Amino acid sequence: MDLFGTAGIRGSAQGRVTPELALRVGRAAGRNADAFVLGRDGRVTGDALAAAMAAGLTSAGADVTVLGQVPTPALAWASRGRHGVMLTASHNPPEDNGIKLFDDGTEYGDVQEADIEAAVAAGAEPARWDEWGGRSQGSVLADYRDAVADYAREHGAPCDGLTVAVDCGNGMASVATPQVLRELGAHVVTLNANVDGRFPGRPSKPTPETVRDLRAFVADGDADFGLAHDGDADRIVAVDPSGGVVHEDTVVAMLAEHYTRASAVADPVVVTTPNASARVDERVADAGGRVERVRLGALHEGIAEARRGGGDVVFAAEPWKHIHTEFGGWIDGVASAAVLARLVADAGGLGALRDPVTERPYRKVSVECPDDLKTAVMAALEDDLPAAFADATVATEYGVRLTFEDGAWTLVRPSGTEPYVRVYAESDDVDALVDDVTAVVRDAVAAARE
């Protein structure tokens, strides 16, 4: 059984993430924990899944506090000191739903997920009738919003006089980000700020194309900058005053530099992923810290590994998703919005905050490669790419990453879901670099086919 992906269980609410599955997962999870908080996003299918999940958890012996519709980071915050379940498909379309499990504010790791999968496959039985848990209603939103605002006040400057346009995408940010920013003193104008699980305003995933209304609104109006979220408010996208989407790695670089400079620890570490830009490394190094990388979807593993190595992790991020380690161990787009707003206020504008970041042209391309050839192709590329680019520094922990002295870099890694090898590159002459790298990759695929 292969239930879990890189972000919990996710898929069609009719064909995969059904009430039957929620019941089984709940019963499996409830075997090993006494207390859960349970939340869901605004999707139409969430109410039925929540009822099934609560039934599974309580029939396994766990007590459940039902929080209703909340952002994923609010559920994670509420799971501190206990366990949590969030029913969300994040940025997926409205017909999907999903299950994320938390333990003391952190998403379940591989070992815990494997235990759940095994119990679901075996058909976990209910506890004795007199050992079933209870179900109660709870509320967390007000306390969570206050906690985010209090945390953000430790960074940057007051937001008085700052105008922020926020596109909530009809998702759970509607009940969190505008309220927090207003509490911090900002003037907030909202788009799509009613919770509607059909996502009528725009698709749930915020991309340059889907947030075009926000971009036009910011470009044509008086907002200092714009923010957009996905359906459960763990992702964030920033829009500059001209209506352009700020590259996700630039947002990471700005936040990472701030946290590194603000830290008083001896060895400040920022954890990110192999596809993150060298602009992150440059800003962190300039601030006196260092960067460690971990595979996509495994920020928590990277944080733990860096801490075992003696480093103090001040921030962790992959594209669009940020963990504010001083606040907690979960991905939190609402906290990102709050901290970013105060940093913009402190710098005197998004442009001033962004200016120190070197932004080189970036491209991502896909090279066709059958799944059964990926292992052989990547093994060959560990030799072929360094040979073709002898002046590069090579790292092979998570694919093959080449870094050049001028700050340019490229990453080659197999797709985990499609028959492709992905090529990421950033360089002042990115087209030439991509052409050269993809030529080596295609040769390796051709050789593997022979």
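Note that the structure is predicted; figures quoted are calculated from it, not measured.

Draft legend 1. The arrangement of the overall build of the protein chain in detail. Across its full length, the protein chain holds 14 helices and 20 strands. Against the 2.2 N^0.38 benchmark of 22 Å for 450 residues, the protein chain shows a C-alpha radius of gyration of 22 Å, consistent with a compact globule. Dimensions of the protein chain, computed from C-alpha atoms along their principal axes, come out at roughly 70 × 60 × 45 Å. Residue burial in the protein chain is summarised as follows: out of 450 residues, 57% are buried. In the protein chain, the share of contacts with a sequence separation of at least 24, taken over all contacts with a separation of at least 6, comes to 70%. For the protein chain, the accessible area works out to roughly 17800 Å², and carbon and sulfur atoms hold 46% of it.

Draft legend 2. Main features of helix α14 (residues 430-449). Spanning 20 residues, α14 covers 28 Å between terminal C-alpha atoms, matching the ideal 28 Å at 1.5 Å per step. Of all the residues in α14, the buried ones are Val-430, Leu-433, Val-434, Val-437, Thr-438, Val-440, Val-441, Ala-444 and Val-445. Within α14, the buried residues cover an arc of 155° as seen down the axis, which keeps them to one side. The outward face of α14, more than 90 degrees from its buried face, is lined by the exposed residues Asp-443 and Arg-449.

Draft legend 3. Quick peek at the environment of Asp-167. For Asp-167, the location among the structural elements is in strand β8 (residues 163-167). Asp-167 sits 34 residues away from Gly-201 along the chain, and the two C-alpha atoms are 9.4 Å apart. Not counting chain neighbours up to four residues away, the residues in contact with Asp-167 comprise Leu-191, Asn-192, Arg-202, Val-211, Leu-214, Leu-227, Ala-228 and His-229. Here the side chain of Asp-167 touches Gly-169 through a polar contact of 2.9 Å, landing on its backbone nitrogen. For Asp-167, the side chain forms a polar contact with the side chain of Arg-202, separated by 2.8 Å.

Draft legend 4. Region of interest: the sheet that holds strand β9 (residues 187-191). As summarised here, the arrangement of the 4 strands in space is β9-β8-β10-β11, forming an open sheet in which the pairing is mixed. Taken across any chain shown, the strands that pair with only one partner, and hence form the sheet edges, are β9 and β11 (236-239). Going from strand to strand, the sheet's axes swing by 25° on average, the running direction of each strand aside. Across 4 bridges, the pairing between strand β10 (residues 225-229) and β11 is antiparallel. Residue pairing for β11: Leu-227 is matched across the bridge by Ala-238. Where helix α7 (residues 212-220) meets the sheet, it contacts β8, β9, β10 and β11, and its direction lies at approximately 165° from that of β10. Of the strands in this sheet, β10 and β11 are in contact with helix α11 (residues 333-347), which crosses β10 at around 175°.

Draft legend 5. Representation of the pattern of salt bridges. Taken as a whole and assessed by the stated rule, the structure comprises 27 salt bridges. As a salt-bridge pair, Glu-418 and Arg-422 come within 2.5 Å of each other at their nearest N and O atoms. Residue Arg-422 is classed as buried on the basis of its relative accessible area, which comes to 11%. The network of salt bridges with shared partners includes Asp-240, Arg-279, Arg-354, Glu-359 and Glu-426.

Draft legend 6. The packing of helix α8 (residues 248-262) against α11, seen in detail. Interhelical geometry of α8 versus α11 gives an angle of 80° and a closest axis separation of 11 Å. When the axes of α8 and α11 are compared, the pair comes out roughly perpendicular. Residues Met-254, Leu-255, His-258 and Tyr-259 of α8 lie in contact with α11, whose contacting residues are Val-339, Leu-340 and Leu-343. Residues belonging to the contact of α8 with α11 are distributed by class as follows: 6 nonpolar, 1 polar and no charged.

Draft legend 7. Summary view of the UniProt feature "domain: Alpha-D-phosphohexomutase C-terminal" (unreviewed entry) in the protein chain. UniProt feature "domain: Alpha-D-phosphohexomutase C-terminal" (unreviewed entry): in the numbering of this structure it lies at residues 383-439. Taken end to end, residues 383-439 comprises 28% helix and 35% strand; its first and last C-alpha atoms sit 14 Å apart.

Draft legend 8. A look at the packing of aromatic side chains. Under the criterion given, the structure shown has 6 aromatic pairs. Through pairs of rings, three or more aromatic residues link up here, namely Tyr-151, Phe-327 and Trp-330. Directly above the aromatic system of Trp-409 lies the positively charged group of Arg-401, at a separation of 4.4 Å from the ring centroid.

Draft legend 9. Looking closely at the environment of Leu-402. Along the chain, Leu-402 falls in strand β18 (residues 400-403). Taking C-alpha positions, Leu-402 is 33 Å from Ala-114, a pair spaced 288 residues apart along the chain. Apart from the residues lying within four places of it in its own chain, the contact partners of Leu-402 are Leu-385, Phe-389, Ala-392, Thr-393, Val-394, Ala-408, Trp-409 and Thr-410.

Draft legend 10. View of the sheet that holds strand β17 (residues 393-395). Taken in spatial order, the 5 strands make up an open sheet running β16-β20-β19-β18-β17, and their pairing is antiparallel. Only two strands of the sheet have a single neighbouring strand rather than two, namely β16 (362-368) and β17. Here the strands of the sheet are splayed against their neighbours by 15° on average, with no regard to which way each runs. Direction of pairing for β16 relative to strand β20 (residues 420-426): antiparallel, over a ladder of 7 bridges.

Here is what the cut-offs are and how they apply
Residues numbered from 1 in each chain as written. Predicted model: local features only at pLDDT ≥ 70, side-chain atom pairs only at ≥ 80, totals over all residues. Heavy atoms only, no water. Helix = DSSP H or I, 4+ residues; strand = E, 2+ residues; numbered from the N terminus. Rg over C-alpha atoms; globule rule 2.2 N^0.38 Å. Buried < 20%, exposed > 50% of the residue type's maximum accessible area, 1.4 Å probe, protein only. Contact = heavy atoms within 4.5 Å. Areas by Shrake-Rupley, 256 points an atom, 1.4 Å probe, with all protein chains shown as cover. Expected span 1.5 Å × (residues − 1). Arc of directions from axis to C-beta. Polar contact = N/O pair within 3.5 Å; in protein donor to acceptor, adjacent residues only side chain to side chain. Pairing = 2+ DSSP bridges. Axes fitted to C-alpha atoms, helices over the stretch in contact; angles between N-to-C directions. Salt bridge = Lys/Arg side-chain N within 4 Å of Asp/Glu carboxyl O. Parallel < 35°, antiparallel > 145°, perpendicular 65-115°, else oblique. Nonpolar A, V, L, I, M, F, W, Y, C, P; charged D, E, K, R; others polar. UniProt positions renumbered as here; feature names shortened; annotations may be inferred. Phe/Tyr/Trp six-rings, centres within 6.5 Å; stacked < 30°, edge-to-face > 60°. Lys NZ or Arg CZ within 6 Å of the ring centre and 35° of its normal.

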